[in-house]
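Residues per chain, in single letters:
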Amino acid sequence: MYKDRDYDVIVIGAGHAGCEAALASARTGFSTCLFTMNLDTIAQMSCNPAIGGLAKGHLVREIDALGGEMAKVTDKTGIQFRMLNMSKGPAVWSLRAQTDRVLYRLEMRRVIEAQENLDVKQALVEEILVEDVKIKGVLTSLGIFYGTKAVIVTTGTFLKGLIHIGLENFSAGRAGEFPSVGLSDSLRELGLNMGRLKTGTPPRLDAKTIDFSKTEPQYGDDPPLPFSHSTEKITNPQLPCYITHTNSETHRIILDNLDRSPLYSGKIKGIGARYCPSIEDKVVRFAERERHQVFLEPEGLETKEYYANGIPTSLPYDVQVKFVRTIPGLEEVEIMRPGYAIEYDFVFPTQLKHNLETKIIDGLFLAGQINGTSGYEEAAAQGIMAGINASLKLQGREPLILGRHEAYIGVLIDDLITKGTNEPYRMFTSRAEYRLLLRHDNADLRLMNKGHEIGLLDNALYQRFLGKKSLINEELERLKKTRIKYDDPNKSESLEQLLKRPEITYKFIDEHSPPDKPLITEIKRQVEIQVKYNGYIIRQMAMAEKLKKVEGKRIPENFDYVTVNGLSKEVLSKLQEVRPANLGQASRIPGITPAAISLLMVAIERLRRERRA
């Protein structure tokens, strides 16, 4: 064994989680090393060339508000931006961007390599070394040892990855790259309970062989709205996507070949994503549907490769060719890369604390798909939190734990470590109880103070944020105090009262009583939302305050649940497995009843009284 050097923090894996984790650690002043199996695939978009979407866009805005990088890189490389759900309320508005896959990877690599305190090394980490249940270092396949105080594992789909195309399968972390086998065994040997998941990807198509005249173009917003709070304008050329559909002939070919599907022949053992099923799954489970939508998404500005969103598949190549060519516009299409399914190892996330550190190994953090999530955004959100919390741990400071009422990131992490998952977890707005508080538009108002306190936001951006916050508050106060006569010449109403009306927008304010200093659109929209939804917001804030009181009732770290009289064996088992940090978390564990929480509360109070005595 050859000892190279020591780092404060080591990050294993340079996908979306790894990049955010490494940047967060390095930017807070800690020497950090990011290990990747291939320097050329840093921040590779393994699946679709897009960032954001429903609820996922909220995560990206929150990552940005905390000082992360994903939003900035998306803005620099995005080739179509669309705000989704604009016909609905602001709680579910969500931005989505198509990106240039190659430019995204190159831009993130540029940021990573330029970052102070951050080294990048191409190496296969085979083993995590522990001494007295504390992280000691890592060992690579070449026998090189690197000492460290904290390790963040962000391996994506690479742990014992197995790709399936038809009845053929081969070991790979993703198409064209070998898997990580030794590290998976090392995590098991450390005592972590692991399972197996499956995800899939559709075929990539040659645009030269697509008849776009038979499809429906879908254009982005004009002008495009950026993801990052620091981006002033999107400068990239913008491209359309195209919509087409499967049909009865497509479905017939798929059904006729299910015996050659690894999914239906029993070859695949891992559990797949319920919310992003393969086209085989869709055809079988939704037999009444005559067609399924297919989005043709450009992979970049300088390529003819298109991503066929909506038809992920692991059927044999010849079947993929047959069924794809039944789709309007794709009758003569050539497949550049076949679709495939991939199985991989993951760690059951109930073995983690809220700071994403494992409960059994001091200094070992996990982030991304290794925790059972799907999607770039969920991975990046965990990555930045793991990087932040590793650095806070090394500083001897309290971890940053975002509550369910503070951020979608808080909902994501709490769901994972409290409820666990046995299928790839995907974020939805419906998972958030306080989604009117956790809007896409107010991520900076919710989280930038925290990002600044940690040290991830530069002062110029923070001062700009404070200026925006001040303008919003000033305008809200002005609307309360300013009265005009509108409906009734004998009666005046405040601008705030008028703006509450469903039919009146901020345009009315601009026309009848504009502020002394013109406001940018972003501030006007924020003011309008806060006025129109004030009653609902106040109600959700009151609910959040109640939640905080319950969350504040902490459970001692080594509390012995066996001493609580009246708990059923099932409840006892679940409490011992999750070991919740507080009564709020305990109440969200599936199967934990209100009666069990009452018993637990009484036992904890009794223990506190005994300790005081």
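Residues numbered from 1 in each chain as written. Predicted model: local features only at pLDDT ≥ 70, side-chain atom pairs only at ≥ 80, totals over all residues. Heavy atoms only, no water.

1. Details of the sheet that holds strand β13 (residues 204-206)
Selection criterion: Any two strands with at least two DSSP-identified bridges between them are counted as paired. To qualify as a helix, a DSSP run of H or I must reach at least 4 residues; to qualify as a strand, a run of E must reach at least 2; elements of each kind are numbered from the N terminus. Each axis is a line fitted through C-alpha atoms, and for a helix only the stretch in contact is used; angles between axes span 0 to 180 degrees, taken between their N-to-C directions.
Spatial ordering of the open sheet is given by β14-β15-β16-β17-β13-β18, a layout of six strands whose pairing is antiparallel. The two strands at the open ends of the sheet, each matched to only one other strand, are β14 (216-218) and β18 (335-337). Going across the sheet, the axis of each strand differs from the next one's by a mean of 35°, ignoring polarity. Note: β13 against β18, two bridges, orientation antiparallel. By the bridge assignment for β18, L205 is matched with I335.

2. What about the sheet that holds strand β19 (residues 340-347)?
The four strands lie next to each other as β11-β10-β19-β12, forming an open sheet whose pairing is antiparallel. Edge positions in the open sheet fall to β11 (168-171) and β12 (194-201), since each of these has one partner strand only. The sheet shows a mean angle of 25° between the axes of neighbouring strands, taken without regard to direction. Two strands pair when backbone bridges link them, and strand β10 (residues 162-165) and β19 are joined in this way by three bridges, in the antiparallel orientation.

3. Looking at the domain arrangement of the chain
Rules: The source of the domain bounds is an automatic or database domain assignment. Whether two residues are in contact is decided by their heavy atoms: any pair within 4.5 Å suffices. Any Lys or Arg side-chain nitrogen located within 4 Å of an Asp or Glu carboxyl oxygen qualifies as a salt bridge.
Its domain assignment divides the chain into domain 1 (2-198 + 344-454), domain 2 (204-343), domain 3 (467-540) and domain 4 (552-612). Between the C-alpha centres of domain 1 and domain 4 there is a distance of 31 Å. Each partner contributes residues to the interface: domain 1 has eight residues there, and domain 4 has eight residues. The tally of links from domain 1 across to domain 4 stands at one salt bridge.

4. Topic: the side chain of S180
Basically, it comes down to this: Summary of the burial criterion: residues with accessible area below 20% of their type's maximum are buried, those above 50% are exposed, and those between are partly exposed, where the area comes from a 1.4 Å probe applied to protein chains only.
Position of S180 relative to the elements: it lies in the loop between β11 and α5 (182-189). Relative accessible area serves as the criterion here: at 4%, S180 is assigned to the buried category. Excluding residues within four positions of it along the chain, S180 makes contact with M37, L124, V125, F158, L159 and K160.

5. Section: the environment of N371
By the secondary structure assignment, N371 is in the loop between β20 (364-366) and α10 (376-395). With relative accessibility at 0%, the residue N371 sits in the buried group. Residues N371 and I254, spaced 117 residues apart in sequence, show a C-alpha to C-alpha distance of 32 Å. Residue contacts for N371: discarding those within four places in its chain leaves F346, V347, P349, L352, L356, L366, Q382, L416 and T421.

6. With respect to a nonpolar patch on the surface
Stated precisely, the cut-off is as follows: Patches here: salt-bridge-free residues with over 30% relative accessible area, like charges joined within 9 Å, nonpolar side chains (Val, Leu, Ile, Met, Phe, Trp, Tyr) joined within 5 Å. For the area figures, the Shrake-Rupley method with a 1.4 Å probe applies, and any residue is considered shielded solely by the protein chains shown.
Side chains of V102, L103 and L106 sit close together on the surface and give an oily, nonpolar patch of about 230 Å² of accessible area. L103 sits in the partly exposed class, given a relative accessible area of 33%.

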